[in-house]
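What follows is the residue order along each chain.
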Amino acid sequence: ERSRKLADYQAAVMNNMAEGLYAVDENVLLISINPAGEAILGWTKEELLGKKMHDVAHYKHPDGRPFPANECSGLQVLQNGVALREHEDTFIRRDGTFVPVVFSASPLKENGKITDMIVSFRDDTAQRRAREALHDSREQLVLALQSSKSEMFDWDVIQRRGNWNSQMTDIYGFQPESEYINAEEWMALCHPDDVERLREEAERFWKEGDEFYFEFRTAPQDGGVKWISSHGRIVRDASGRHSNDRHAH
């Protein structure tokens, strides 16, 4: 009775997962696939049973080059027994189109011998498009920063670093040694009496706001003091999370 309930529970979990899930035996032949996996790949369980998944959904690269089975990271799990986690790849649908995926593969062992492998995967199309759009946006922004005659910089609130243009160098009298300026370097250029207030205002803005105005003094290396009025706006990724903010002085 307990074994039956456990089997029913496992079947219910597998059938109601949002991620695709399939299992292959030691010969890499498919023995099971859940409804989400069928939906992502366009095949039915009956059509796939007993077939090698690599030969069906992973046999070539998006550019058309053949993808030999011995180069497949997933199949290597069956050989070396080491699980694979969150691996980005591309699968092939039944209609021949490609679908970007993130998959994980885990070996199953019996008496120390690998007998099966479980693969879970999800459609990564939307996430990759969002990342590509964000990357393109950032490249365009860097170009705009370097060509602008205004004082501007782009701040990554996650990495806590930013790009700025030559006009910013003129204001602060400081040229970052690398492509980026980090938070501590930037704060060191501000007047000591304004630093703590700026930290508090910045943290509050990043948590609660979308647009801000800061006023503060700089302490440039030439010894002069300048008052700065800074205006910025948060840029969010496709999920609504903060990705960076953009400032003009």
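Residues numbered from 1 in each chain as written. Predicted model: local features only at pLDDT ≥ 70, side-chain atom pairs only at ≥ 80, totals over all residues. Heavy atoms only, no water.

So, on to the overall build of the protein chain. Across its full length, the protein chain carries nine helices and eleven strands. The buried share among the 249 residues of the protein chain stands at 41%. In the protein chain, 40% of the contacts between residues at least 6 apart in sequence involve partners at least 24 apart. With an accessible surface of roughly 14600 Å², the protein chain has 49% of that area assigned to carbon and sulfur atoms. (Helix = DSSP H or I, 4+ residues; strand = E, 2+ residues; numbered from the N terminus. Buried < 20%, exposed > 50% of the residue type's maximum accessible area, 1.4 Å probe, protein only. Contact = heavy atoms within 4.5 Å. Areas by Shrake-Rupley, 256 points an atom, 1.4 Å probe, with all protein chains shown as cover.)

Looking now at the packing of aromatic side chains. One pair of aromatic rings is described through two measures. These are the centre distance and the angle between the planes. Counted according to the given criterion, the structure contains three aromatic pairs. Every member of this aromatic cluster is reached through a ring pair, and the members are Tyr 22, Phe 91, Phe 103 and Phe 121. If you follow Arg 94 out to its NZ or CZ, it ends over the ring of Trp 43, 5.0 Å from the centre. (Phe/Tyr/Trp six-rings, centres within 6.5 Å; stacked < 30°, edge-to-face > 60°. Lys NZ or Arg CZ within 6 Å of the ring centre and 35° of its normal.)

Attention shifts here to the pairing of strand β5 (residues 113-123). Pairing analysis gives six bridges linking strand β1 (residues 20-25) to β5, with the strands arranged antiparallel. Across the sheet, Leu 21 pairs through a bridge with Ser 120, a residue of β5. In terms of strand pairing, strand β4 (residues 98-110) meets β5 through ten bridges, oriented antiparallel. Bridging from a neighbouring strand, Leu 108 pairs with Asp 116 of β5. Between the end of β4 and the start of β5, which pair antiparallel, lie two residues, with Asn 111 showing a positive phi angle near 55 degrees. (Pairing = 2+ DSSP bridges.)

Moving on to empty space enclosed by the protein. In the structure shown here, the tally under the stated rule is one cavity of 30 Å³ or more. By volume, the largest cavity is sized at about 150 Å³. Tyr 22, Met 53, His 54, His 58 and Cys 72 are, among the 14 residues lining the largest cavity, the residues nearest its centre. For the lining of the largest cavity, the element with the highest residue contribution is helix α4 (residues 53-57), accounting for three residues. Within the lining of the largest cavity, the residues separate by chemical class into eleven nonpolar, three polar and no charged. (1 Å grid on protein atoms, 1.4 Å probe; cavity = no way out; pocket = protein on both sides within 12 Å on 5 of 7 lines; lining within 4 Å. Points joined across faces, edges and corners; volume = space filled by probe spheres on them. Nonpolar A, V, L, I, M, F, W, Y, C, P; charged D, E, K, R; others polar.)

With that settled, consider the pattern of salt bridges. This structure, assessed with the given rule, holds nine salt bridges. Among the ionic pairs, Arg 122 bridges to Glu 86, the shortest N-O distance being 2.8 Å. Placement of the pair is Arg 122 in strand β5 and Glu 86 in strand β3 (residues 84-92), with a sequence separation of 36 residues. Look at Glu 86 and you get partly exposed, because its relative accessible area is 48%. (Salt bridge = Lys/Arg side-chain N within 4 Å of Asp/Glu carboxyl O.)

Taken in spatial order, the five strands line up as β2-β1-β5-β4-β3 in an open sheet, and their pairing is antiparallel. At either margin of the open sheet sits one strand with a lone partner, and together these are β2 (30-33) and β3. Averaged over neighbouring strand pairs, the angle between their axes works out to 30 degrees when direction is ignored. The strands touched by helix α5 (residues 73-80) within the sheet are β1, β3, β4 and β5, with β5 carrying the most contacts at an inclination of about 155 degrees. (Axes fitted to C-alpha atoms, helices over the stretch in contact; angles between N-to-C directions.)

With that settled, consider the pairing of β1. Most of β1 sits out of view: six of its six residues are buried. Where burial is concerned, the two faces of β1 agree: the one with Gly 20, Tyr 22 and Val 24 and the one with Leu 21, Ala 23 and Asp 25 are both buried. When β1 meets β2, the two strands line up antiparallel, connected through three bridges. Along β2, the bridge assignment pairs Ala 23 with Ser 32. Where β1 hands over to β2, the hairpin turn is made up of four residues, of which Val 28 adopts a positive phi near 70 degrees.

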